[in-house]
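Fold and geometry: a report
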Amino acid sequence: AKPRIVVVGGGAGGGTVAHIVKRQAPDTNVTVIEKRAIYTSCFNSNHVFGGFRTFQSLQHGYDGLRKIGIDVVTGQADAIDRPQKRVRLSDGSAIAYDYLVLSPGISYRFDAIGGYSAEVANTVMPHAWTAGPQTQLLMAQLEAMDDGGVVVMTVPKNPYKCPPGPYERACMIAHYLKTHKPRSKLLLFDAKPYFSKQAAFEEAFRKYYDGIIDLNLTNEIDDNNVVRVDPKEMTVETASGLKVRGAVVNVIPPQTAGQVAIDAGCADASGWCPIQPQNFMSAQAEGIYVIGDATIANDMPKSAYSANSHGRVVAGDILAAINGDRAVPARYRNTCWSLIAEADTIKIGADYEPGQRDGKPYLQARDAFVSLPGESAQLRRRNYDESLAWYHDIIAEALN
Ligand code: FAD
């Protein structure tokens with residue numbers, strides 16, 4: 001019988017695995033179970049707020065995967081039956097597998113913030129951390145706001161999807177305010193004392209958005225972790241007891257691995273999924289690969305670039321198993337670009353190798369690089385061009 005490869009989640013990670021396996025081994029049955037008919041990429045979705053990208057340009061269907069013979073099932077995977085090797089869907093159907101890959105992304109911990117809920121996020125205080133209707137809601141709220149209004153953004157502790165994402169979003173919202181509503185302000189409340197690409201971001205805040213962005217990190221005196229919101233009053237409250245009202249409130253809540261991975265027994269007490277660094281096989285649930293945002297990938301951040309990199313290694317591992325070959329040693333890579341102003345992009349990244357730390361398997365960074373303050377406009381424009389090329393390539397590999 002043909003080997004059956006089932007992938008849960010048709011995003012950056014899952015799409016990559018399905019595409020590579022089906023292309024390289026056409027004589028396999030590859031199924032992707034994806035709850036949404038259209039994928040809206042979170043990556044580059046912040047550009048919409050700055051006016052540098054249309055919302056529609058983030059949307060991609062699954063015809064490309066279907067065209068090469070992948071069975072894309074629009075539906076929700078509810079449970080994994082490991083003894084029977086089947087995935088159960090919410091419509092009651094089941095799909096059998098020989099190889100199973102989970103790439104479900106993240107779920108939100110709505111209960112971590114008093115007064116917040118999925119309902120509040122959908123209607124009043126969008127997180128827009130899953131690109132889609134909430135991206136459009138947040139943009140519409142910014143457009144409806146008076147000049148002189150206050151936008152409040154809250155940022156959680158690590159780990160969460162896309163570590164530099166909130167600060168890129170701050171730049172893009174501030175760019176919109178600067179060009180359309182110059183008397184307005186953006187207040188950031190951050191549960192952390194420091195963050196990714198901080199020096200270059202802080203330079204951008206001063207250079208481009210002086211007097212607009214007000215960054216409040218957590219320090220010894222102030223705990224700026226937002227613990228409560230009031231959607232009627234449009235207020236947020238920090239752990240230190242500071243209460244602030246916004247005309248627009250963007251709450252980025254704490255997160256966990258996608259629920260289906262937790263239910264499958266892949267997550268530990270942290271809510272994220274430990275993996276074996278050499279092939280992203282779950283360290284807890286034997287026989288299930290877990291990739292992308294859902295995983296604890298040690299030094300590797302949660303990004304689409306990372307998920308794509310995990311996906312390539314897992315595709316190689318599955319192909320080797322099918323062909324009876326030995327898998328090649330895994331190497332991973334990540335780059336996260338952030339747009340801070342027109343054609344000014346900063347980046348951070350590294351290569352990653354399976355190794356050991358404190359006697360335990362560990363995915364460690366080497367040859368790391370990061371953008372610094374004071375770089376030339378030319379270099380930043382080259383980063384910008386690179387980021388657009390990357391977007392094209394990852395969509396081509398994961399979704400077309
Ligand atoms: P996803 O791409 O989220 O895919 C998961 C898929 O699984 C989803 O389509 C979901 O519908 C589906 N799913 C989940 N559960 C089920 C289920 N039970 N049944 C069926 N389907 C299910 N990364 C970068 O590399 N560069 C960037 O510039 C960048 N910018 C970002 C900006 C923002 C604002 C945000 C929020 C994120 C950004 N990211 C960026 C991060 C990037 O979007 C994620 O890291 C990446 O999408 C992770 O891929 P994944 O496959 O793990 O999950």
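Report on the accompanying structure. (Residues numbered from 1 in each chain as written. Predicted model: local features only at pLDDT ≥ 70, side-chain atom pairs only at ≥ 80, totals over all residues. Heavy atoms only, no water.)

On to the site of the ligand. Within the structure, the ligand sits among 33 residues, and Gly-13, Glu-34, Tyr-39, Ser-103 and Asp-293 are positioned closest to it. In this structure, Glu-34 approaches the ligand through a side-chain N or O atom, which is 2.7 Å from an oxygen atom. One of the backbone nitrogen or oxygen atoms of Tyr-305 is found 3.0 Å away from an oxygen atom of the ligand. When the ligand sits alone it has 1,000 Å² of accessible area, and the protein chains cover 96% of it. Mapped by element, the contributors of at least two residues to the shell around the ligand are helix 1 (12-24), strand 2 (29-34) and helix 9 (304-323). Sort the elements by how many residues they give to the shell around the ligand and helix 9 lands first, with 3 residues. For the shell around the ligand, the class distribution of residues is 15 nonpolar, 11 polar and 7 charged. (Near = heavy atom within 4 Å. Polar contact = N/O pair within 3.5 Å; in protein donor to acceptor, adjacent residues only side chain to side chain. Areas by Shrake-Rupley, 256 points an atom, 1.4 Å probe, with all protein chains shown as cover. Helix = DSSP H or I, 4+ residues; strand = E, 2+ residues; numbered from the N terminus. Nonpolar A, V, L, I, M, F, W, Y, C, P; charged D, E, K, R; others polar.)

Sheet architecture is open: 3 strands sit in the order 23-24-25, paired in antiparallel fashion. Taken across any chain shown, the strands that pair with only one partner, and hence form the sheet edges, are strand 23 (332-341) and strand 25 (360-370). Adjacent strand axes in the sheet meet at a mean angle of 25° when their direction is disregarded. Sitting on the sheet, helix 7 (residues 198-209) is in contact with strand 23 and strand 24 (344-357), with an inclination near 15° to strand 23. (Pairing = 2+ DSSP bridges. Axes fitted to C-alpha atoms, helices over the stretch in contact; angles between N-to-C directions. Contact = heavy atoms within 4.5 Å.)

We now examine the packing of helix 6 (residues 165-180) against helix 7. Remark: helix 6 packs on helix 7, axes separated minimally by 11 Å, with the N-to-C direction vectors making an angle of 0°. In terms of axis orientation, helix 6 runs roughly parallel to helix 7. Between helix 6, through Tyr-167, Glu-168, Ala-170, Cys-171, Ala-174, His-175 and Lys-178, and helix 7, the contact on the second element is made entirely by Phe-201, Ala-204, Phe-205, Tyr-208 and Tyr-209. Among the residues making up the contact of helix 6 with helix 7, the classes are represented as 9 nonpolar, 1 polar and 2 charged. (Parallel < 35°, antiparallel > 145°, perpendicular 65-115°, else oblique.)

Moving on, we get to the layout of surface pockets. Of the voids in this model, the second largest pocket is the one considered here, and its volume is about 590 Å³. If you go around the second largest pocket, you meet 29 residues; those closest to its centre are Pro-163, Asn-298, Asp-299, Met-300 and Pro-301. Elements with a minimum of two residues in the lining of the second largest pocket: strand 22 (295-296), strand 23, strand 24 and strand 25. Broken down by element, the lining of the second largest pocket gets its largest block of residues, 4 residues, from strand 24. (1 Å grid on protein atoms, 1.4 Å probe; cavity = no way out; pocket = protein on both sides within 12 Å on 5 of 7 lines; lining within 4 Å. Points joined across faces, edges and corners; volume = space filled by probe spheres on them.)

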